[in-house]
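# Structural description and commentary
So the chains spell out like this:
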Amino acid sequence: MGRRSRNTLALAVLGLLIEEPSHPYEMAQRLRERNKETSFKVTTGSLYDVVEGLERDGWIRAVEIVRDGNRPERTVYEYTELGLAEFQKWIDELIRMPVNEYPKFIAAVSYVGVLGVEGAVAALTERADRLEESVRQTDDQLKGITLRRLFMIEVEYAQAMRRAEVEWLRQAAAEMTAGTIAWPKPGEEQ
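The paragraphs below set out a description of the structure included in this document.

Cut-offs and rules
Residues numbered from 1 in each chain as written. Predicted model: local features only at pLDDT ≥ 70, side-chain atom pairs only at ≥ 80, totals over all residues. Heavy atoms only, no water. Phe/Tyr/Trp six-rings, centres within 6.5 Å; stacked < 30°, edge-to-face > 60°. Helix = DSSP H or I, 4+ residues; strand = E, 2+ residues; numbered from the N terminus. Buried < 20%, exposed > 50% of the residue type's maximum accessible area, 1.4 Å probe, protein only. Lys NZ or Arg CZ within 6 Å of the ring centre and 35° of its normal. 1 Å grid on protein atoms, 1.4 Å probe; cavity = no way out; pocket = protein on both sides within 12 Å on 5 of 7 lines; lining within 4 Å. Points joined across faces, edges and corners; volume = space filled by probe spheres on them. Nonpolar A, V, L, I, M, F, W, Y, C, P; charged D, E, K, R; others polar. Contact = heavy atoms within 4.5 Å.

## Section: the packing of aromatic side chains
Per the counting criterion, the structure on display carries 2 aromatic pairs. Ring geometry for Trp59 against Trp90: centres 6.2 Å apart, planes inclined by 75°, an arrangement best described as edge-to-face. Taken together, the residues Trp59 in the loop between helix H3 (44-56) and strand E1 (60-66) and Trp90 in helix H4 (residues 81-96) connect sequence positions 31 residues apart. For the pair Trp59 and Trp90, a shared accessibility class is recorded, and that class is buried. The interplanar angle of 85° and the centroid separation of 6.5 Å between the aromatic rings of Phe105 and Trp168 together place this pair among those described as edge-to-face. Taken together, the residues Phe105 in helix H5 (residues 104-109) and Trp168 in helix H7 (residues 153-178) connect sequence positions 63 residues apart. Against the face of Phe105 rests Arg127, its NZ or CZ located 3.8 Å from the ring centre.

Listed below in structure tokens is the structure:
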């Protein structure tokens, strides 16, 4: 009992169950309503797998089965004391302990020189444009959400990180265009 899940979707499930008992379909709806897809990869299958694993590990338990009209029966879950304790330890650890997450972008940008100045500037600029559009879309989605700021704080963080990345991308592209980032000539040692 008490085995640590590696799937961060388990964080979302436990967080929702701390608010109130619910069934997986309800959890998926609330995650979408709160724009949590920016924090967790949510699919119906993965959500049910996580719920099953959390129940198996004793972090949550079924409390009732409900039926609404002709809809299929749905199992309502709640967190256990063990689940709450493990959730708190897990959150504390994830916040306190920085880890290398190896984003694909960092791996790719480390070899941006292979694109040449024009190609690198074009790629960085396009990424910045796409990120800016994503920031705008998320800001628009958030306008209608009236949840407490604490329940959306990770979206706020993600937006801040996107904005910082856009700023860095634009600065790097500008420096490449201005020639202040030294570009090796073909065959020249690094």
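## Digging into the layout of surface pockets
Of the volumes computed, that of the largest pocket is approximately 1,900 Å³. Broken down by secondary-structure element, the contributors of at least two residues to the lining of the largest pocket are helix H1 (9-19), H4, H5, helix H6 (116-142) and H7. When residues of the lining of the largest pocket are assigned to their parent elements, the largest contribution, 7 residues, is made by H7. Here the residues of the lining of the largest pocket sort into 24 nonpolar, 5 polar and 9 charged.

## Quick notes on the side chain of Gln159
Its place among the elements puts Gln159 in helix H7. Gln159 gets classed as buried once you look at its relative accessible area, which sits at 2%. Aside from chain neighbours lying at most four places away, what touches Gln159 is Ser134, Val135, Thr138 and Asp139.

By themselves, these figures tell us nothing about what the structure is for.
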